[in-house]
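# Per-entry structural report
Below are the chains, spelled out letter by letter.
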Amino acid sequence: MEEDNKKYIYSRPVLDFVTVCVEFCKQLEQCRSMERSEFIRIMRGLLPMLYLKVSMLKQNIEGADSYWNEETVTEEDYNYVRSGVSSVMRDKDDYLDVFVKDFKYSDRPVLRTISEDLADLYQALRNFIEPYRSECEEATEVALQEITETFRTAWGQIALNALRALHDAEFGGVEN
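Scope of this entry: the structure provided in the associated data block. (Residues numbered from 1 in each chain as written. Predicted model: local features only at pLDDT ≥ 70, side-chain atom pairs only at ≥ 80, totals over all residues. Heavy atoms only, no water.)

### Examining the environment of Lys 6
Stated formally: Runs of H or I in DSSP of at least four residues are treated as helices and runs of E of at least two as strands, each being numbered from the N terminus. For every residue, the accessible area (1.4 Å probe, protein chains only) is compared with the maximum for its type, and the residue is labelled buried under 20%, exposed over 50%, or partly exposed between those bounds.
With respect to the secondary-structure elements, Lys 6 resides in helix 1 (residues 2-9). By relative accessible area, which is 34% here, Lys 6 ends up partly exposed. The spatial distance from the C-alpha of Lys 6 to the C-alpha of Glu 138 is 8.7 Å, given a sequence separation of 132 residues.

What follows is the structure in structure tokens.
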């Protein structure tokens, strides 16, 4: 089983996902120098790739729960990414979200921001890729297990919401 996990964490589907995660994080870290249209175009390409690549991964890695990974993204890192995206998106950062649990008890959607959503994704994905850099296989197995679990429970929906909002920011005013 341990040997199977070792092979799996370096398999093509996992490495493809890691590659997209690295590119996503890099783009967010460097977004301050981009025009909004370029940033939206890049994110509209990367978010579906993240969703697709993580969907192709195993949902369970046996024995991966015996190790604990420290989170590497600091509050300063998170805020740097969030404020960078906010400064690029400007007046297109806010959107109304109807896919939240509280909405079923309310008659109004919740106001969200693309910048916070992308910073949340950044935090999850950056914390996932850091163990690959450390080359600690136990940490990598745990990180892979955690990222697939949090995809199902949290960040998968956040990615879709951000993609919907980015789509609207680019094409929302277009009449058919």
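Don't stop here, the text continues.
### A word on the packing of aromatic side chains
Threshold: When two rings of Phe, Tyr or Trp (its six-membered ring) have centres within 6.5 Å they constitute a pair, described as stacked for plane angles under 30 degrees, edge-to-face for angles over 60, and tilted for the intermediate range. Throughout this description, the term charge over a ring refers to an Arg CZ or Lys NZ atom that lies within 6 Å of the ring centre and within 35 degrees of the ring normal.
Applying the stated criterion across every chain, the model contains six aromatic pairs. Grouped by ring-pair contacts, the aromatic residues Tyr 10, Phe 17, Tyr 51, Phe 128, Tyr 132, Phe 151 and Trp 155 constitute a single cluster. When the ring centre of Tyr 80 is taken as origin, the NZ or CZ atom of Arg 32, which lies over that ring, is 4.2 Å away. Against the face of Tyr 8 rests Lys 58, its NZ or CZ located 4.3 Å from the ring centre.

### A closer look at a nonpolar patch on the surface
Note the following rule: Patch membership requires more than 30% relative accessible area and the absence of a salt bridge. Residues of like charge join within 9 Å; the nonpolar side chains Val, Leu, Ile, Met, Phe, Trp and Tyr join within 5 Å. The Shrake-Rupley method, run with a 1.4 Å probe sphere, supplies the accessible areas, and residue values consider only the shown protein chains as cover. A pair is scored as a salt bridge if a Lys or Arg side-chain nitrogen falls within 4 Å of a carboxyl oxygen belonging to Asp or Glu.
A contiguous nonpolar surface patch, about 280 Å² in accessible area, is contributed by Met 49, Leu 52 and Met 56. Take Met 56: its relative accessible area is 53%, and that puts it in the exposed class.

### A word on helix 4 (residues 75-89)
Threshold: A helix is expected to span 1.5 Å for every residue after the first. Within this analysis, the arc is defined by the directions that extend from the helix axis to the C-beta atoms.
Between the first and last C-alpha of helix 4 there are 21 Å, a value that for 15 residues agrees with the 21 Å anticipated at 1.5 Å per step. Every buried residue of helix 4 is listed here: Tyr 78, Val 81, Gly 84, Val 85, Val 88 and Met 89. What you see down the axis of helix 4 is that its buried residues fit within an arc of 135 degrees, all on one side. Structural note: helix 4 exposes Glu 75 and Glu 76 on the side pointing more than 90 degrees away from its buried face. Note on helix 4: the residue one or two positions beyond its end, Arg 90, has a positive phi of about 45 degrees.

### Concerning the pattern of salt bridges
As enumerated under the stated definition, the model contains ten salt bridges in all. Note that Asp 16 and Lys 53 form a salt bridge whose closest N and O atoms lie 3.8 Å from each other. You can see Asp 16 sitting in helix 2 (residues 12-29) and its partner Lys 53 sitting in helix 3 (residues 36-55), a full 37 residues away along the chain. Residue classification places Asp 16 among the partly exposed positions, given a relative accessible area of 22%. Lys 53 gets classed as buried once you look at its relative accessible area, which sits at 17%. The partner of Glu 130 in a salt bridge is Arg 133, and the shortest N-O contact between them spans 2.8 Å. A residue pair is termed a helical-turn pair when its members lie 3 or 4 positions apart in one helix, as Glu 130 and Arg 133 do in helix 5 (residues 114-134) at three residues.

### Observations regarding unusual backbone geometry
Glycine aside, residues mostly have negative phi angles, and peptide bonds mostly take the trans form. Located in the positive-phi region is Arg 90, a residue other than glycine, with phi close to 45 degrees. Structurally, the position occupied by Arg 90 is in the loop between helix 4 and strand 1 (94-97).

### Description of the environment of Gly 84
Just so we agree on the cut-off: Contact criterion: two residues are considered in contact whenever any of their non-hydrogen atoms come within 4.5 Å of each other.
Structurally, Gly 84 is set in helix 4. Look past the residues within four positions of Gly 84 in its chain and what remains in contact with it is Cys 31 and Arg 32.

Nothing here speaks to function; it is geometry throughout.
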